[in-house]
Structures are given as structure tokens and as C-alpha cells.
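If you want the building blocks of each chain, they are given just below.
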Amino acid sequence: KTRQLINEVLDSGWTTMGPKTKELEEKFAALFGYKFAVAMSSGTASDTAALMTLYETHNAKEGMNVICPALSFIATFQAIRAAGFTPKPVDIKDRCTLSINENKIKDAVDANTIAIMPVGLMGVLPNLKYIKEIADKRGIPVILYACESYTAQLEKKFALEYCDIEVVSCYTAHILSGGTEYGFCLTNSKKLNKLLKMIRNHGREPNSTYFNHKCYSLNFKNTDLHSAMLLANTADMWNNVKTRKENLNILINHCKKYQYLASFSPPDNNIYTHAPHAFNIVLDNKYGQISILQELLNFNQIEWKRTFGAISQHRCMDYL
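Procedures and definitions
Residues numbered from 1 in each chain as written. Predicted model: local features only at pLDDT ≥ 70, side-chain atom pairs only at ≥ 80, totals over all residues. Heavy atoms only, no water. Core = buried A, V, L, I, M, F, W, Y, C linked by side-chain atoms within 4.5 Å. Buried < 20%, exposed > 50% of the residue type's maximum accessible area, 1.4 Å probe, protein only. Helix = DSSP H or I, 4+ residues; strand = E, 2+ residues; numbered from the N terminus. Contact = heavy atoms within 4.5 Å. Phe/Tyr/Trp six-rings, centres within 6.5 Å; stacked < 30°, edge-to-face > 60°. Lys NZ or Arg CZ within 6 Å of the ring centre and 35° of its normal. Pairing = 2+ DSSP bridges. Axes fitted to C-alpha atoms, helices over the stretch in contact; angles between N-to-C directions. Salt bridge = Lys/Arg side-chain N within 4 Å of Asp/Glu carboxyl O. Polar contact = N/O pair within 3.5 Å; in protein donor to acceptor, adjacent residues only side chain to side chain. Left-handed = near helix turned anticlockwise from the far one by under 90°. Lys, Arg positive; Asp, Glu negative; His and termini not counted.

Student: Help me out: how do you make sense of the nonpolar core in this one?
Tutor: Nonpolar side chains in soluble globular proteins tend to be buried together. Of all hydrophobic cores here, the largest spans 49 residues; its most connected members are Phe 28, Ile 116 and Phe 184. Elements represented by at least two residues in this core include exactly helix H1 (2–12), helix H2 (19–32), strand S1 (36–40), helix H6 (102–108), helix H7 (128–138), strand S9 (183–187), helix H9 (224–234) and helix H10 (237–254). In contact with Phe 28, not counting residues within four places along its chain, are Ala 37, Tyr 150, Val 168, Cys 170, Leu 176, Phe 184 and Leu 186.

Laid out in C-alpha cells, this is it:
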């Protein structure tokens, strides 16, 4: 099916962003019952574009701060920086979820805060309901970086119920992938949908024949060739999620007896339904070196990667 769609694009002679991208946007939004999905070239581009909307929607000024977790993928900080803002990190809550500590957000928000950007790491959503309450009281938006958690639910609702823009990535390691780079900004706002489409295309209004650059923007467009590679997989996404969920639950249940050694990805409960992105292990330092665990995983041919760690420790953050 994927090869067929790619051939259709090649035969059409139109390989840049066009009808296949529009079709994918509609089908991806429909997977969650959302109104709009705006295709971008990557999750990082989607983050940056989502933050750029703040200049038009909230009269943002360059240098204002965006609340974000201190532990996340580097794209969180880099996108804030690229959009012209300053990252303001808040510590995470616990080792199991790696989520931002919502109780510390209230103290971190100040007069110079323009948005809150929580992150759903390892398939686990942060406490978006409480975070949205804090944001609403301050009149600032919530932009969720959900690249690893976009099938998760909070109180049987998908994440966009609790934020203004949800950012997702379809990078090859994520829940839905076409084996390439891809990202979306998800929203239920008609205004934000139009604005995001302008931001991804140098500030030009959709379908405009004029070079009328109306907002701060860049080129974040994807192509119909990339869209075709992802399009075939959307129809089977929920079946894949089901299988991945079954595998994740096997790991969670098996490792209950090892909780004295490490913290693991949490099971679902009455409030949270987690996305099956990865199985997280945080080793307790009292019980040995992480190199031993890595050797054990390698011996059993189990693929692994290190968790991101504190962003402040990376050299690219020295400017802060």
C-alpha cells in the first residue's frame, strides 16, 4: 500500500506539499476526533511553530519565558529558543513518570511567562488537568509536547482536551511512523489552524497567490512524498497500539517483583491510560551499576537507549 501511494505521488509529478498531505492531515485528526492536524517537517518543527503562534495570539515579546520540564528531549528547549523565548525549567515529579511537577509550576510562573509547555515522556501524560487550571488563571496557553504520548488519555479524554495545541512526532521510533521524519500540530481552533498553516509557509495565508508574509514564520512544510509514506499506516494505528500495549503490560507485570531494584513505567489506572511508547527503567544506585544492566540487555538482544537526563547538563545549554 505504501509503495502504491508513493508511486501515485511520483506519477502525479507533484512531490512537494499537496493533496496527499491534506488527506493525511484529515485522517490523522480523525484518529483522535480532533478538528485539525497541521503537518510539519518534524516534531521539533511542530514545537517551534506552535510556540511562534504566541506572537499573534498572546502578544508575546521576544525573550519571555516558557515553563518546561528540566528533564526532556533536547527539542523542548531548542524549540523554545528557536521561537525567540527563554526556557524556564521546572523539576520532574518522580522517577516512574518523568513528568513535570505540576505543584512547582504555580511558583515558577511569573509576569514574564508566556506559556506552559509540559512534555509526555515515555508514553505518560503529565497532570494536564491541573496544569490547564494554572494556565487559565494566568491567561496563558498550554502547548503539550506529546511526541511519545499521543495515544494516552487522561480521564478517558485525549490530551487536546486539556491544552491549546498538542504537538506530535511520527519519527521512526514513535507510535505511528512512516519510516521518515514527520510532525503535526493538533488543535480544535479554526484560528490556530489557519495561523499554523501560515507559520509553516513563511507567513503566507493558505492558497494565497501573493508573497504576503503576515506573521513570524519559517519553512516547516513537509512533502507529499513523506505524507504518502505515513498515510498507509494511519488506518492500522489503533491495531498497532493494541499490540504494543499488550507487550508493554507484559513487561510491567513481569517487573513488579523487581521494584526493590528500580523504578519502572507505571501501569494504567482509573485516571491515566498510557501510550505504549517505551518501557522505562530507572535503576536505584544502591543496587549496582547501569553498565551491568546494559550488558544484560545486550546479551538478551533487547534494544535499549539511555533516557534524556537533565537538559541543563548539555553543552548547548551553557548560554543559559
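Student: How do you make sense of the packing of aromatic side chains when you look at a structure like this?
Tutor: Each aromatic ring pair is described using two quantities: the centre-to-centre distance and the angle formed by the ring planes. Tallying each qualifying case throughout the model produces 13 aromatic pairs. Seen from their ring centres, Tyr 34 and Phe 158 are 6.5 Å apart, and the 90° between their planes marks the pair as edge-to-face. Here the residue Tyr 34 occupies a position in the loop between H2 and S1, and Phe 158 occupies one in strand S7 (residues 157–158), the gap between them amounting to 124 residues. Comparing Tyr 34 with Phe 158 shows no difference in burial state: the two are buried. Grouping aromatic residues by their ring pairs yields a cluster made of Phe 28, Phe 32, Tyr 34, Tyr 150, Phe 158, Tyr 182, Phe 184 and Trp 238. Here the basic side chain of Arg 204 rests over the ring of Phe 211, its NZ or CZ set 4.4 Å away from the ring centre.

Student: Would you explain the pairing of strand S2 (residues 65–69) in this entry?
Tutor: Among the five residues in S2, five count as buried, and that is most of the element. Side chains Asn 65, Ile 67 and Pro 69 of S2 all project onto a buried face; the interleaved residues Val 66 and Cys 68 project onto the opposite face, where all are buried too. As paired strands, S2 and strand S3 (residues 86–90) are joined by five bridges and run parallel to one another. Its bridge partner being in S3, Ile 67 is matched across the sheet by Lys 88.

Student: Looking at this structure, I do not really get the sheet that holds strand S4 (residues 113–116). What am I missing?
Tutor: Sheet strands pair by backbone hydrogen bonding; their relative direction is either parallel or antiparallel. Taken in spatial order, the three strands line up as S3-S2-S4 in an open sheet, and their pairing is parallel. The open sheet has two edge strands with one neighbour each: S3 and S4. Ignoring which end each strand starts from, the neighbouring axes of this sheet average 35° apart. Sitting on the sheet, helix H5 (residues 75–82) touches S2 and S3, and the angle it makes with S2 is about 175°.

Student: Would you mind showing me how to read the pattern of salt bridges here?
Tutor: Note that side chains of opposite charge can pair when their charged atoms are close. Enumeration according to the criterion identifies 12 salt bridges in this entry. For the salt bridge of Lys 20 with Glu 8, the shortest nitrogen-to-oxygen distance reads 3.0 Å. Note that Lys 20 is positioned in helix H2 and Glu 8 in helix H1, a separation of 12 residues in sequence. The class of Lys 20 is buried, set by a relative accessible area of 15%. Notably, a salt bridge pairs Lys 93 with Glu 102, separated by 3.2 Å at the nearest N-O pair. What makes Glu 102 buried here is its relative accessible area of 6%. Salt bridges linked by common partners bring Lys 194, Glu 205 and Lys 214 together as one network.

Student: I tried to follow the sheet that holds S9 on my own but got confused; where do I start?
Tutor: Strand order in the open sheet made by the four strands is S1-S9-S8-S5, with mixed pairing throughout. Two strands close off the open sheet at either side, each with one partner strand: S1 and strand S5 (143–145). When strand polarity is set aside, the average angle formed by the axes of neighbouring strands in this sheet is 20°. With five bridges connecting them, S1 and S9 associate as antiparallel partners. Bridging from a neighbouring strand, Met 40 pairs with Gly 183 of S9. Each of S1, S5, strand S8 (165–169) and S9 touches helix H3 (residues 43–52); the most contacted strand, S8, lies at about 165° to it. Sitting on the sheet, helix H8 (residues 190–199) touches S1, S8 and S9, and the angle it makes with S1 is about 15°.

Student: Looking at this structure, how should I read the side chain of Thr 234?
Tutor: You can see Thr 234 is positioned in helix H9. Polar contacts involving the side chain of Thr 234 include one to the main-chain carbonyl oxygen of Leu 231, which spans 2.7 Å. Setting aside chain neighbours within four positions, we find Thr 234 in contact with Leu 24, Lys 27, Leu 31 and Leu 176.

Student: When you look at the packing of H2 against H9 in this model, what are you seeing that I'm missing?
Tutor: Describing two packed helices takes the angle between their axes plus the distance from one axis to the other. Relative to each other, H2 and H9 sit at 35°, their axes nearing to 8 Å. Between H2 and H9 lies a crossing of left-handed hand. Contacts between H2 and H9 involve Pro 19, Lys 20, Thr 21, Glu 23, Leu 24, Lys 27 and Leu 31 from the first element and Asp 224, Ser 227, Leu 230, Leu 231 and Thr 234 from the second.

Student: Explanation requested: the side chain of Asp 47 in the structure shown.
Tutor: Locating Asp 47 in the fold gives a position in helix H3. Despite its burial, Asp 47 pairs with no opposite charge; the closest candidate is Lys 305, at 14 Å N-O. Excluding its chain neighbours within four sequence positions, the residues that come into contact with Asp 47 are Ala 75, Ala 79, Met 117, Tyr 145 and Val 167.

This is a description of form; function is not addressed.
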